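If you want the building blocks of each chain, they are given just below.
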Amino acid sequence: MEYLVTSAEMKRCDGNTIEHFGMPSMVLMERAALACAEELIARDKKLKEAMRPFGPVPPANRTLVAAGTGNNGGDGLAIGRLLSQAGFPVDFVLLGKEEKCSAETAAQLKILENYGYRVMRKLPEREYDIIIDSIFGIGLTRPVEGSFAEAVEYINAQDAYVLSVDIPSGIHGDTGEVMGCAVQADVTVTFGFRKLGLVLYPGARYAGKVLCADIGITQEGFLGEYPRIFTWNKEDRGFLPVRLQEGNKGTFGKVLLIAGSRGMAGACELSAAAVLKSGAGMVRAVTPESNRVIMQTALPEAMLTTYEKWTPQAEEKLREACAWANVIAVGPGFGKSPEALRILEAVLKQTMQPLIIDADALNLLSEHRELLDELIQRQQEPETRRELILTPHPGEFGRLAGKKTDEIQKEAAALTLEWAARLQAAFICKGARTLVGSPEGRLYMNLTGNSGMATAGSGDVLTGILAGLSAQGMHAFDAACAGVYLHGMAGDRAAHKKSEYGVTAGDLTLELEALFPELLKKLQ
Ligand SMILES: NC(=O)C1=CN([C@@H]2O[C@H](COP(=O)(O)OP(=O)(O)OC[C@H]3O[C@@H](n4cnc5c(N)ncnc54)[C@H](O)[C@@H]3O)[C@@H](O)[C@H]2O)[C@@H](O)CC1
Ligand SMILES: [K+]
């Protein structure tokens, strides 16, 4: 588990490390500078070794430090000093008025002066091999303009390798927004914790490769008041549902998947395949009779309950199917027919098993507010509350919340938590950075996945995974976080093979089965 922090959360942690624990600010700055310098020295060594067979080794990289007056600038000045002492030819330029320098940056200027370095006040007219971007860090508060904007353009116009210190100058630390203009980095070395602006788009694109350096700012610095958002990374493997060796197909759970409509058999098939490939014991699909042949051909492992018109017999068959299941998922390719509405109504009112609501089932809830209100009411009462996962993309979320899609995107974190609490559910807001909110206010941000997954049927696969994990006994929030994480990993494997252009939803289910052996190997 890794925290993703806002600028304010990071500053609080920095401040506590200095004031509460007594770590001198200049020690943190020196460690930050060392981490950046070591990255560049290691790169230089690698480049030289690669070039050695081709003749004399070229001279060291000419480097420019572009420093602002805040502590980000202080980091940059210290990096330049360390690089110069390691043999790099380094030029320094200070942007902004010297009298505005923070105490630490003023101290760094003094150290440079003591060593006899000259710090320019204007951008030099020459080309550099490496540029250290330390104009603004997490202290950026307003759009970048005037001479600072010129400096950003100057850096972006050079054919240099750019290292951004902490965050590319011009990127908002909390939102990843470009504040007027921003430096395009090759690598960003950030300190302590990854800032949200480095993982959210477009910031993530500007940051290039992101390295998170340990400079002695640790979780203790939060003094028990932890950041709101967390993610999982490659070290997190322990979330898979435990598999009993002596288990049978009942042990691993029975999923009732209500999916597909006339002409939409694919959604049902993709979702059902994902249920089985996530480790569930059995899946029964409830789908129109016209999908029978396709389903039985494409996925003979799935059982079927079919319907045509909504009759008392159909209702009875649905009731029996519901009684059989441990988990119910409703929505992929479901359509909004009168039959679909009756089925959703029956599921909401007559069952208590863990439920996953996706796609058209969400749209039906938006269009029939009485159903939504009743669900909210049931979830607010402990006796009628069930394990619940909702999986809207911002469009579906907007319809549910009565807001425009861009309003949802702007306030995604707050709205996700609001709706998770309202529905006492694991609430998934899908996107390039999918969020999962818990009713208690935990917020997971998913960092796996890629643009190739923005393809028809991808959401159906996610619903199948969520149902499969829930059927194996995972609670809603754990299943939701694990589900989006695995879904993204499957997408990353698929994109690795086919590029982001070529990924289809079918590839996601294929990659899912290849993913588990890899995860299990790393667990041993
Ligand atoms: N001791 C610490 O607190 C540590 C801080 N570190 C560095 O310090 C950085 C944060 O330092 P600061 O809080 O001093 O902030 P910054 O160095 O990001 O700069 C903020 C300064 O720029 C000004 N400013 C903000 N937006 C502007 C704009 N658009 N145009 C012109 N001026 C603008 C502010 O008024 C302030 O003077 C981190 O990103 C990190 O690089 C590291 O050295 C690690 C330790
Ligand atoms: K920077």
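Residues numbered from 1 in each chain as written. Chains lettered and ligands numbered in written order. Predicted model: local features only at pLDDT ≥ 70, side-chain atom pairs only at ≥ 80, totals over all residues. Heavy atoms only, no water.

**Thoughts on the overall build of the protein chain**
And then number 1: For the protein chain, the helix and strand inventory stands at 19 helices and 19 strands.
And then number 2: The principal-axis extent of the C-alpha atoms belonging to the protein chain is close to 90 × 55 × 40 Å.
And then number 3: Across the 524 residues in the protein chain, those meeting the buried criterion constitute 56%.
And then number 4: Across the protein chain, contacts joining residues at least 24 apart in sequence account for 73% of those joining residues at least 6 apart.
And then number 5: In the structure as shown, the protein chain presents an accessible area of about 22900 Å², 52% of it carried by carbon and sulfur atoms.
And then number 6: One way to put it: in the protein chain the 55 positive side-chain charges average out to a point 2 Å from where the 65 negative ones average out. (Helix = DSSP H or I, 4+ residues; strand = E, 2+ residues; numbered from the N terminus. Buried < 20%, exposed > 50% of the residue type's maximum accessible area, 1.4 Å probe, protein only. Contact = heavy atoms within 4.5 Å. Areas by Shrake-Rupley, 256 points an atom, 1.4 Å probe, with all protein chains shown as cover. Lys, Arg positive; Asp, Glu negative; His and termini not counted. Charge placed at Lys NZ, Arg CZ, Asp CG, Glu CD.)

**A short note on the domain arrangement of the protein chain**
And then number 1: Segmentation of the protein chain into domains returns domain 1 (8–226) and domain 2 (254–523).
And then number 2: For domain 1 and domain 2, the distance between their C-alpha centroids amounts to 43 Å.
And then number 3: Tallying the contact residues gives six residues for domain 1 and four residues for domain 2.
And then number 4: Summing both sides of the interface, domain 1 and domain 2 together bury roughly 390 Å²; the carbon and sulfur share of this comes to 74%.
And then number 5: Counting the surface domain 1 buries against domain 2, the share from its top three residues, Val 199, Leu 200 and Tyr 201, is 76%. (Domains from an automatic or database assignment. Buried area = accessible area lost by both parts, 1.4 Å probe.)

**Observations regarding the site of ligand 1**
And then number 1: Taken together, 23 residues sit near ligand 1, with Asn 71, Asp 75, Gly 137, Arg 142 and Asp 166 positioned nearest.
And then number 2: A distance of 2.8 Å separates an oxygen atom of ligand 1 from a polar backbone atom of Asn 71.
And then number 3: In this structure, a nitrogen atom belonging to ligand 1 sits 2.8 Å away from a main-chain N or O atom of Arg 142.
And then number 4: Burial of ligand 1 by the protein amounts to 83% of the accessible area it has alone, namely 880 Å².
And then number 5: Among the elements of the structure, α1 (7–19), α2 (25–51) and α3 (71–85) are those that each provide at least two residues to the shell around ligand 1.
And then number 6: Class assignment for the residues of the shell around ligand 1 results in eleven nonpolar, seven polar and five charged. (Near = heavy atom within 4 Å. Polar contact = N/O pair within 3.5 Å; in protein donor to acceptor, adjacent residues only side chain to side chain. Nonpolar A, V, L, I, M, F, W, Y, C, P; charged D, E, K, R; others polar.)

**Describing the packing of helix α8 (residues 265–277) against helix α17 (residues 458–471)**
And then number 1: The contact between α8 and α17 brings their axes to 7 Å, and the two run at 35°. In this structure, the crossing between α8 and α17 has a hand that is right-handed. The residues of α17 that touch α8, namely those facing Ala 267, Leu 270, Ser 271, Ala 274 and Val 275, are Asp 460, Val 461, Thr 463, Gly 464, Ile 465, Ala 467 and Gly 468.
And then number 2: Of the residues in the contact of α8 with α17, the class split is seven nonpolar, four polar and one charged. (Axes fitted to C-alpha atoms, helices over the stretch in contact; angles between N-to-C directions. Left-handed = near helix turned anticlockwise from the far one by under 90°.)

**Here we look at helix α10 (residues 312–324)**
At 3.6 residues per turn, the α-helix brings residues three or four places apart onto the same side.
And then number 1: With 13 residues, α10 ought to run about 18 Å at 1.5 Å a step, and its terminal C-alpha atoms sit 19 Å apart, in line with that.
And then number 2: All of the buried residues along α10 are Ala 314, Leu 318, Ala 321 and Cys 322. In an axial view of α10, the angular spread of the buried residues amounts to 100°, which keeps them on one side of the axis. Across from the buried face of α10, at angles greater than 90 degrees, the exposed residues are Pro 312, Gln 313, Glu 320 and Ala 323. (Expected span 1.5 Å × (residues − 1). Arc of directions from axis to C-beta.)

**What about the coordination of the potassium ion (ligand 2)?**
And then number 1: Looking at the metal site, the potassium ion (ligand 2) is ligated by Asn 72 (OD1), Asp 133 (O), Phe 136 (O), Val 165 (O), Ile 167 (O) and Ser 169 (OG), spaced 2.6 to 3.1 Å from it.
And then number 2: Seen from the potassium ion (ligand 2), its six donor atoms lie at angles of 66 to 176°, and the figure they make is irregular.
And then number 3: In the primary sequence, the donor residues of the potassium ion (ligand 2) line up as N-x60-D-x2-F-x28-V-x1-I-x1-S.
And then number 4: Judged by its relative accessible area of 0%, Ile 167 is buried.
And then number 5: A residue is classified by how much of its surface remains accessible, and Ser 169, at 0% relative accessible area, is buried. (Donors = N, O, S within 2.8 Å, 3.2 Å for Na, K, Ca; no water. Tetrahedral: all angles 85-135°; square planar, octahedral: opposite > 155°, others 65-115°.)

**Observations concerning the layout of surface pockets**
And then number 1: Size it by volume and the largest pocket reaches roughly 980 Å³.
And then number 2: Forming the boundary of the largest pocket are 36 residues, of which Gly 70, Asn 71, Asn 72, Gly 137 and Gly 139 lie nearest the centre.
And then number 3: Residue assignment for the lining of the largest pocket shows that the elements contributing at least two residues are α1, α2 and α3.
And then number 4: Split by residue class, the lining of the largest pocket holds 16 nonpolar, eleven polar and nine charged. (1 Å grid on protein atoms, 1.4 Å probe; cavity = no way out; pocket = protein on both sides within 12 Å on 5 of 7 lines; lining within 4 Å. Points joined across faces, edges and corners; volume = space filled by probe spheres on them.)

**Focus: the UniProt feature "domain: YjeF N-terminal" (unreviewed entry) in the protein chain**
And then number 1: UniProt feature "domain: YjeF N-terminal" (unreviewed entry): in the numbering of this structure it lies at residues 10–223.
And then number 2: For the annotated span residues 10–223, helix accounts for 40% and strand for 16% of the residues, and the straight-line distance between the end C-alpha atoms is 12 Å. (UniProt positions renumbered as here; feature names shortened; annotations may be inferred.)

**A closer look at the sheet that holds strand β18 (residues 435–437)**
And then number 1: Strand order in the open sheet formed by twelve strands is β8-β1-β10-β19-β18-β17-β16-β15-β14-β11-β12-β13, with mixed pairing between adjacent strands. On the outer flanks of this sheet lie β8 (194–195) and β13 (303–307), each paired with one strand and no other.
And then number 2: Of the strand pairs in this sheet, strand β17 (residues 426–429) and β18 are connected by three bridges, and their pairing is antiparallel. From the neighbouring strand, Cys 429 faces β18, where its bridge partner is Leu 435.
And then number 3: Lying on the sheet, helix α16 (residues 412–422) is in contact with β17, β18 and β19 (443–445); it crosses β18 at an angle near 35°. (Pairing = 2+ DSSP bridges.)

**Overview of the sheet that holds strand β2 (residues 63–67)**
Strand-to-strand pairing in sheets goes through backbone hydrogen bonds, with the strands running parallel or antiparallel.
And then number 1: The seven strands lie next to each other as β4-β3-β2-β5-β6-β7-β9, forming an open sheet whose pairing is parallel. Each edge of the open sheet carries a strand with a single partner, namely β4 (119–120) and β9 (209–213).
And then number 2: In the sheet, β2 pairs with strand β3 (residues 90–94) via five bridges, with the strands oriented parallel. Paired with Thr 63 across the two strands is Val 90, which belongs to β3.

**Examining the pattern of salt bridges**
And then number 1: By the definition in use, this model includes 22 salt bridges.
And then number 2: The shortest N-O distance in the salt bridge between Lys 277 and Glu 513 comes to 2.4 Å. Of this pair, Lys 277 sits in helix α8 while Glu 513 sits in helix α19 (residues 505–523), and the two are 236 residues apart along the sequence. (Salt bridge = Lys/Arg side-chain N within 4 Å of Asp/Glu carboxyl O.)

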